[in-house]
Amino acid sequence: MEIYLTNAEATEKLGWLLGSLAQDGDVFCFTGDLGAGKTLMSRGISLALGVADAEITSPTFAIMNVYAGRELEVRHFDLYRLNRPEELEDIGFSEYAGGEGVTLIEWAELFAEELPEEYLQITLFVEGAGRKAILTAHGQRYESLLQEVADKCSL
């Protein structure tokens, strides 16, 4: 599924839609250009799940942030600064990714072999004045999720 996002607000709005449809155990993997909106979309997902606005920050230096949502915990990873799969073990990646709550993984392509078997891949590209989002389902749950997005999408 491809969606053209005209501005930052539309990017966060798509994140909000994904967050409103998220279920316990969901994994959202973000790939794409630097500055294309991975953190902004993660923010939209987190806000939809009830995370307090002031709590949401980019995990670029922390590598992982954990947020308390209304009903689900949100684990937000940024793998950009990691160099080796062993570093994932140091932060407990396998214990968190795909477990209870919702997992957001920025720069997922850097460790594709370490990702859960099923997830929604969200690739973002800067295109013109906006962004292009390509959503790819990996697994039945995410095929169903994409159908829900298509049914509700009015960006």
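Criteria and thresholds
Per chain, the residues get numbers from 1 upward, laid out in the order the sequence is written. Whole-chain, interface and lining totals are the exception, using all residues; otherwise, since this is a predicted model, local features are given only for residues with pLDDT of at least 70 and side-chain atom pairs are given and counted only at 80 or more. For the side-chain quantities, the full set of heavy atoms in the structure was used; hydrogens and water were omitted. Each patch groups residues whose relative accessible area exceeds 30% and which form no salt bridge, using 9 Å between like charges and 5 Å between nonpolar side chains of Val, Leu, Ile, Met, Phe, Trp and Tyr. The protein chains shown are the only cover counted for residues, whose accessible areas, like all others here, come from Shrake-Rupley with a 1.4 Å probe. Should a side-chain nitrogen of Lys or Arg be within 4 Å of a carboxyl oxygen of Asp or Glu, the pair is scored as a salt bridge. When charges are counted, neither His nor the chain ends are considered; positive counts come from Lys and Arg and negative counts from Asp and Glu. In this description, the location of a charge corresponds to atom NZ of lysine, CZ of arginine, CG of aspartate or CD of glutamate. For every residue, the accessible area (1.4 Å probe, protein chains only) is compared with the maximum for its type, and the residue is labelled buried under 20%, exposed over 50%, or partly exposed between those bounds. Think of it this way: any DSSP run of H or I at least four residues long counts as a helix, any run of E at least two long counts as a strand, and we number them from the N terminus. Here the expected length of a helix is defined as 1.5 Å per residue gap, with one fewer gap than residues. The definition of a polar contact used here is a pair of N or O atoms within 3.5 Å, where within protein one atom must be able to donate a hydrogen and the other to accept one, and adjacent residues in sequence count solely through side-chain atom pairs. For helices, the axis comes from a line fit to the C-alpha atoms of the stretch in contact; other axes are also lines fit to C-alpha atoms, and the angle between any two N-to-C directions lies between 0 and 180 degrees. Angles below 35 degrees are treated as roughly parallel, those above 145 as roughly antiparallel, those between 65 and 115 as roughly perpendicular, and all remaining angles as oblique. The sense of a crossing depends on the near helix, which, turned anticlockwise from the far helix by less than a right angle, makes the crossing left-handed and, turned clockwise, makes it right-handed. The criterion used for residue contact is that any of the two residues' heavy atoms lie within 4.5 Å. Geometry of aromatic contacts follows a simple scheme: Phe, Tyr and Trp rings, the Trp one being its six-membered ring, pair when their centres are within 6.5 Å, and the pair is stacked under 30 degrees between planes, edge-to-face over 60, tilted otherwise. Directions are taken from the helix axis to each C-beta atom, and the arc is the one they span. Pairing between strands is defined by DSSP: at least two bridges between them are needed.

Draft legend 1. Just a negative patch on the surface, in detail. Among the surface-exposed residues, E89, D90, E113 and E114 lie close enough to one another that they form a single negatively charged patch. Under the relative-accessibility criterion, E89 is labelled exposed at 64%.

Draft legend 2. Molecular detail of helix α1 (residues 8–21). For α1, spanning 14 residues, the distance from its first C-alpha to its last is 20 Å, which sits close to the expected 20 Å at 1.5 Å a residue. Three or more residues of α1 are buried, namely A10, T11, L14, G15, L17, L18, G19 and L21. By the N-cap criterion, in which a side-chain oxygen at the helix start approaches the backbone nitrogen of a residue two or three places on, α1 is capped by N7, the distance to E9 being 3.1 Å.

Draft legend 3. Broad picture of the packing of α1 against helix α2 (residues 38–48). Two numbers describe how α1 lies on α2: the axes approach to 6 Å, and their chain directions differ by 45°. Looking at the two axes, α1 sits oblique to α2. Handedness of the crossing formed by α1 with α2: right-handed. Residues A8, T11, E12, L14, G15, W16, L18, G19 and S20 of α1 pack against L40, M41, R43, G44, I45, L47 and A48 of α2.

Draft legend 4. Representation of the packing of aromatic side chains. Enumeration according to the criterion identifies two aromatic pairs in this entry. Taking the centre distance of 4.9 Å and the plane angle of 70° together, the rings of F77 and F93 count as edge-to-face. A residue pair is termed long-range when its members are at least 10 positions apart, and F77 in strand β4 (residues 73–78) and F93 in helix α4 (residues 93–96) qualify at 16 residues. Look at F77 and you get buried, because its relative accessible area is 0%. Geometrically, the ring pair formed by Y80 and W107 is tilted, given 4.8 Å between the ring centres and 45° between the ring planes. Here Y80 is found in the loop between β4 and α3 (85–90), whereas its partner W107 is found in the loop between β5 (102–106) and β6 (119–127), with 27 residues between them in sequence. Judged by relative accessible area, which is 11%, W107 ranks as buried.

Draft legend 5. Seen up close, helix α5 (residues 140–152). The end-to-end C-alpha separation of α5 is 19 Å, in line with the 18 Å expected for 13 residues at 1.5 Å each. Every buried residue belonging to α5 is among R141, Y142, L145, L146 and V149, and all of these are buried. Down the axis of α5, the sector holding all buried residues measures 135°, keeping them to one side. Residues of α5 that are exposed and point more than 90 degrees away from the buried face comprise Q140 and D151. Each element contacted by the buried residues of α5 is listed here: β1 (2–5), α1, β2 (27–32), β6 and β7 (130–138).

Draft legend 6. Quick peek at a nonpolar patch on the surface. A contiguous nonpolar patch, built from L34, Y80 and L110 and spanning about 310 Å² of accessible area, is present on the exposed surface. Taking relative accessible area as the criterion, Y80 reaches 41% and is therefore assigned partly exposed.

Draft legend 7. Structural context of the sheet that holds β7. In space, the seven strands of this open sheet follow the order β1-β7-β6-β2-β5-β4-β3, with mixed pairing throughout. At either margin of the open sheet sits one strand with a lone partner, and together these are β1 and β3 (64–68). Looking at each pair of strands side by side, their axes are set apart by 20° on average, direction ignored. Of the pairings in the sheet, the one linking β6 to β7 comprises nine bridges and is antiparallel in character. The partner of V126 across the bridge, within β7, is R131. Sitting on the sheet, α1 touches β1, β2, β6 and β7, and the angle it makes with β7 is about 20°. Lying on the sheet, α5 is in contact with β1, β2, β6 and β7; it crosses β7 at an angle near 140°.

Functional significance is not addressed by these values, which are geometric in nature.
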